[in-house]
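So you can see what is in the structure, the chains are spelled out below.
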Amino acid sequence: MDAVFKYGPQPTATKNMLHLAQMVRQGTIAMYDYGSKDDNNKRYGQPTPPVYNMSSIPNDLPLFLAHGGQDYLSDPADVQTLMGALSDHDANKLVVLYPEEYAHLDFTLAGNANQVVYDPIMGFFSLN
């Protein structure tokens, strides 16, 4: 854990955290809400932030999504919101990795991450 705290957590912009919180609270995948109809109108030409058009992602674009059962930064409800938005994606082009015992940092720090995470990612890249 000393190494983890020596190099992380990495900083991020406050706006990034606010944006994430907005999407979690609203259950949407949308652009940043500037907090007022006027400010949103200036930015987007409409009073509310536009929802990201997930259908604009080509259905045949290979996608690899990973989330863990113990990862509280990408909880199952949020992942299901994303998966619902990708419901029309070609099933053979969408790979979902779900190690139930993994928390957020396990994807990089777990002793078995090479087998559980990195080998499947490399296989995905080899096929695509």
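Residues numbered from 1 in each chain as written. Predicted model: local features only at pLDDT ≥ 70, side-chain atom pairs only at ≥ 80, totals over all residues. Heavy atoms only, no water.

Enquirer: Mind showing me how you'd approach the overall build of the chain here?
Expert: The helix and strand inventory of the chain stands at 6 helices and 2 strands. For the chain, the N- to C-terminal ordering of α and β elements is α-α-α-β-α-β-α-α. Taking 2.2 N^0.38 as the reference for a compact globule, 128 residues should give roughly 14 Å; the C-alpha atoms of the chain span a radius of gyration of 17 Å, well beyond that estimate. Taken over the C-alpha atoms alone, the chain extends approximately 50 × 40 × 20 Å along its principal axes. A burial count over the chain gives 24% of its 128 residues as buried. Within the chain, residue pairs in contact and separated by at least 24 positions form 52% of the contacts whose partners lie at least 6 positions apart. For the chain, the separation between the mean place of its 7 positive charges and that of its 14 negative charges on side chains is 15 Å. (Helix = DSSP H or I, 4+ residues; strand = E, 2+ residues; numbered from the N terminus. Rg over C-alpha atoms; globule rule 2.2 N^0.38 Å. Buried < 20%, exposed > 50% of the residue type's maximum accessible area, 1.4 Å probe, protein only. Contact = heavy atoms within 4.5 Å. Lys, Arg positive; Asp, Glu negative; His and termini not counted. Charge placed at Lys NZ, Arg CZ, Asp CG, Glu CD.)

Enquirer: Teacher, can you tell me more about the pairing of strand E1 (residues 63-66) here?
Expert: Moving residue by residue along a regular strand, the side chains alternate between the two faces of the sheet. Bridge count for E1 against strand E2 (residues 94-97) is 4 bridges, and the pairing is parallel. Residue pairing across strands places Phe64 opposite Val95, the latter belonging to E2. Crossover connection from E1 via helix H4 (residues 76-85) to parallel E2: handedness right-handed. (Pairing = 2+ DSSP bridges. Right-handed = clockwise from strand over helix to strand, strands pointing away.)

Enquirer: I keep staring at the packing of aromatic side chains and nothing clicks. Help me out?
Expert: The way to describe two aromatic rings as a pair is by their centre distance and the angle between their planes. Within this structure, the stated rule accounts for 5 aromatic pairs. For the ring pair Tyr34 and Tyr44, a centre distance of 6.0 Å and an interplane angle of 50° mean the geometry is tilted. Of the two residues, Tyr34 is situated in the loop between helix H2 (14-26) and helix H3 (37-44) and Tyr44 in helix H3; the sequence distance between them amounts to 10 residues. When its relative accessible area of 21% is taken as the criterion, Tyr44 is described as partly exposed. In textbook terms, an aromatic cluster arises when at least three aromatic residues are bridged by ring pairs, as seen for Tyr32, Tyr34 and Tyr44. One residue, Lys15, lies across the ring of Tyr32, its end atom 5.0 Å from the ring centre. (Phe/Tyr/Trp six-rings, centres within 6.5 Å; stacked < 30°, edge-to-face > 60°. Lys NZ or Arg CZ within 6 Å of the ring centre and 35° of its normal.)

Enquirer: How should helix H6 (residues 113-127) be read in this particular structure?
Expert: Count 3.6 residues to each turn of an α-helix, and residues three or four apart come out pointing the same way. Helix length check: H6 (15 residues) gives 20 Å between terminal C-alpha atoms against 21 Å at 1.5 Å per residue, within 8%. Remark: the principal bend of H6, roughly 25°, maps to Asp119, with a proline, Pro120, within the next four residues. Among all positions of H6, only Ala113, Val116, Val117 and Phe124 are buried. Taken together, the buried residues of H6 touch E1, E2 and helix H5 (106-109). (Expected span 1.5 Å × (residues − 1). Bend = angle between axes of the 7 residues up to and from the residue.)

Enquirer: Even after reading the chapter, I still don't get the side chain of Ser74, so can you show me in this structure?
Expert: Residue position: Ser74 is located in the loop between E1 and H4. For Ser74, the side chain forms a polar contact with the side chain of Asp71, separated by 2.9 Å. Residues in contact with Ser74, not counting those within four places in the same chain, are His67 and Val79. (Polar contact = N/O pair within 3.5 Å; in protein donor to acceptor, adjacent residues only side chain to side chain.)

Enquirer: Looking at this model, I keep getting lost on a nonpolar patch on the surface. Mind explaining?
Expert: A contiguous nonpolar surface patch, about 260 Å² in accessible area, is contributed by Met17, Leu20 and Val24. In this structure, Met17 sits in helix H2. (Patch = residues over 30% accessible without salt bridge, like charges linked within 9 Å, V, L, I, M, F, W, Y side chains within 5 Å. Areas by Shrake-Rupley, 256 points an atom, 1.4 Å probe, with all protein chains shown as cover. Salt bridge = Lys/Arg side-chain N within 4 Å of Asp/Glu carboxyl O.)

Enquirer: What exactly am I supposed to notice about the confidence of the model for the chain here?
Expert: The predicted coordinates of low-pLDDT regions are not to be read in fine detail. Scored by pLDDT, the chain has a mean of 91; 97% of the residues are at 70 or more. Ranking the elements of the chain by mean pLDDT puts helix H1 (residues 2-7) last with 72 and H3 first with 98. (pLDDT = per-residue confidence, 0-100.)

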